[in-house]
Amino acid sequence: MIVVQYIRSFVFIVQMYVVMAVMAVGLFPVALLGGRGAAVWVCRSYCKWVRLSLRVLVGLRTEIRGPVPQGDALIASKHQSFLDILLIYSALPRGKFIMKKELIWTPFVGWYAWLIGCIPVDRSKGGKAVKSMLRAARNPRYAGGQLIIFPQGTRVAPGARKEYKIGAAALYRELKLPCIPAATNVGVFWARHGILRKPGLAVVEFLPAIAPGEDPHGFMTRIETEIEAASDRLMAEAGFRG
């Protein structure tokens, strides 16, 4: 059975990237001329396609739990694989990401990241990167919608621990928006590396909002505690024993 699952996973991955290329190129004039709303529609449509094909080809169902933010907000999310990006974006009405600067130059992904208002960050610059991120967040071009940041700065495998970086607190203080923590278990089924996609139920859960105004230290402690506890619960639900 594991061989069959690898084959199903390979077929899924191939079609996922083929559809990405076809949609990105074919709908680029729509996204470019139709404004940010059109680009968001293209990206959300692709995310929904991946969720559907994942269920049909691999047997991996996906679910969004908790109240989905509709207004302007900061989303601080656990990041385990590409799948949590797809699930979060498929759910949010006007999502955009804090992203690695080098991804802007990636074909297809970079085009649409620019169109939907993602904020690129050069992580190699340390403290300067945070200042640059805050300047961009104040720019009217990036105003409105749901800004998604991964506080750990990278994908973290199930069971692994990695520090939460201060950039999330800096944005929270600067934007004065409610922050919605988000937890996930997607890494149990779709790992950071490799071909295998496992059947099951992958979940992203939006947790209760944190109102603006908490001090940065308390904010960081709170999001780490809440996100890690909820992610551990979701992973245990999926059968993971770290």
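Residues numbered from 1 in each chain as written. Predicted model: local features only at pLDDT ≥ 70, side-chain atom pairs only at ≥ 80, totals over all residues. Heavy atoms only, no water.

Peer 1: Could you give an account of the packing of aromatic side chains, naming the residues involved and the relevant values?
Peer 2: Scanning the entire structure with this criterion turns up 8 aromatic pairs. Between F12 and W190, the aromatic rings sit 5.7 Å apart at their centres with planes inclined by 85°, giving edge-to-face as the arrangement. Remark: W190 occurs in the loop between strand 6 (179–184) and strand 7 (200–206) and F12 occurs in helix 1 (residues 2–26); sequence separation between them is 178 residues. Each member of the pair, F12 together with W190, is buried. An aromatic cluster of at least three residues, connected via ring pairs, comprises F28, F108, W111 and Y112. The aromatic ring of W114 is capped on one face by R141, whose charged end is 4.7 Å from the ring centroid. (Phe/Tyr/Trp six-rings, centres within 6.5 Å; stacked < 30°, edge-to-face > 60°. Helix = DSSP H or I, 4+ residues; strand = E, 2+ residues; numbered from the N terminus. Buried < 20%, exposed > 50% of the residue type's maximum accessible area, 1.4 Å probe, protein only. Lys NZ or Arg CZ within 6 Å of the ring centre and 35° of its normal.)

Peer 1: So what's going on with the pairing of strand 7? Residues and values would help.
Peer 2: Every regular strand shows the same layout, with side chains that alternate between the two sheet faces. In terms of residue burial, strand 7 counts as a mostly covered element, since 6 of its 7 residues are buried. Relative to strand 7, strand 6 is paired through 3 bridges, and the arrangement is antiparallel. Directly across from A182, in strand 7, lies its bridge partner F206. (Pairing = 2+ DSSP bridges.)

Peer 1: Quick rundown of helix 7 (residues 167–175)? Include the residues and the values.
Peer 2: Among the residues of helix 7, G167, A168, A169, A170, L171 and Y172 are the ones counted as buried. Lining the buried residues of helix 7 we find strand 2 (73–77), strand 3 (95–100), helix 6 (127–138), strand 5 (146–149), strand 6 and helix 8 (216–237). Phi for K176, located one or two positions after helix 7, is positive at around 55°. (Contact = heavy atoms within 4.5 Å.)

Peer 1: Can you tell me about the sheet that holds strand 1 (residues 60–65), naming the residues and giving the values?
Peer 2: Each strand in a sheet pairs with another by means of backbone hydrogen bonds, the pair being arranged parallel or else antiparallel. Ordered in space as 1-7-6-2-5-3-4, the 7 strands form an open sheet in which the pairing is mixed. Edge positions in the sheet fall to strand 1 and strand 4 (119–121), since each has one partner strand and no second. Sheet twist, expressed as the mean angle between neighbouring strand axes with direction ignored, is 20°. Bridge count between strand 1 and strand 7: 6 bridges; the pairing is parallel. (Axes fitted to C-alpha atoms, helices over the stretch in contact; angles between N-to-C directions.)

Peer 1: Mind laying out the environment of V25, listing which residues take part and the relevant values?
Peer 2: Mapped onto the secondary structure, V25 falls in helix 1. V25 sits in the partly exposed class, given a relative accessible area of 49%. Considering only alpha carbons, one finds V25 and Y142, 117 residues apart in sequence, at a separation of 24 Å. The contact partners of V25, leaving out residues within four places of it in the chain, are F108 and W111.

Peer 1: Mind laying out helix 5 (residues 109–116), listing which residues take part and the relevant values?
Peer 2: Among the residues making up helix 5, those that are buried are G110, Y112, A113, L115 and I116. After helix 5 finishes, the residue G117 shows a positive phi value of roughly 95°.

Peer 1: Requested: an account of the state of the cysteines, with residues and values cited.
Peer 2: Evaluated as defined, the whole model comprises 0 disulfides. Unpaired in this structure, C47 has its nearest cysteine sulfur neighbour in C43, at a distance of 6.8 Å. In this model C179 remains outside any disulfide bridge; the closest cysteine sulfur is found in C118, 17 Å from its own. (Disulfide = S-S within 2.5 Å.)

Peer 1: Describe the side chain of S77, and please don't skip the residues or the numbers.
Peer 2: With respect to the helices, strands and loops of the structure, S77 is situated in strand 2. Residues within four places of S77 in sequence aside, it is in contact with I88, I149, F150, P151 and A182.

Peer 1: Tell me what's going on with the nonpolar core, and back it up with residues and numbers.
Peer 2: With 46 residues, the main nonpolar core has F12, Y46, I75 and L83 as its most contacted residues. Counting only elements with at least two residues in this core, the list comes to helix 1, helix 3 (35–58), strand 2, helix 4 (82–91), strand 3, helix 5, strand 6 and strand 7. With 9 residues, the single largest contributor to this core is helix 3. (Core = buried A, V, L, I, M, F, W, Y, C linked by side-chain atoms within 4.5 Å.)

Peer 1: Could you give me a rundown of the pattern of salt bridges, with the residues and numbers involved?
Peer 2: In this structure the tally under the stated criterion is 11 salt bridges. E174 serves as the salt-bridge partner of R138, at 3.1 Å between the closest nitrogen and oxygen. Taken together, the residues span a long stretch of sequence, with R138 in helix 6 and E174 in helix 7 at a distance of 36 residues. The network of salt bridges with shared partners includes K78, R161, E228 and D232. (Salt bridge = Lys/Arg side-chain N within 4 Å of Asp/Glu carboxyl O.)

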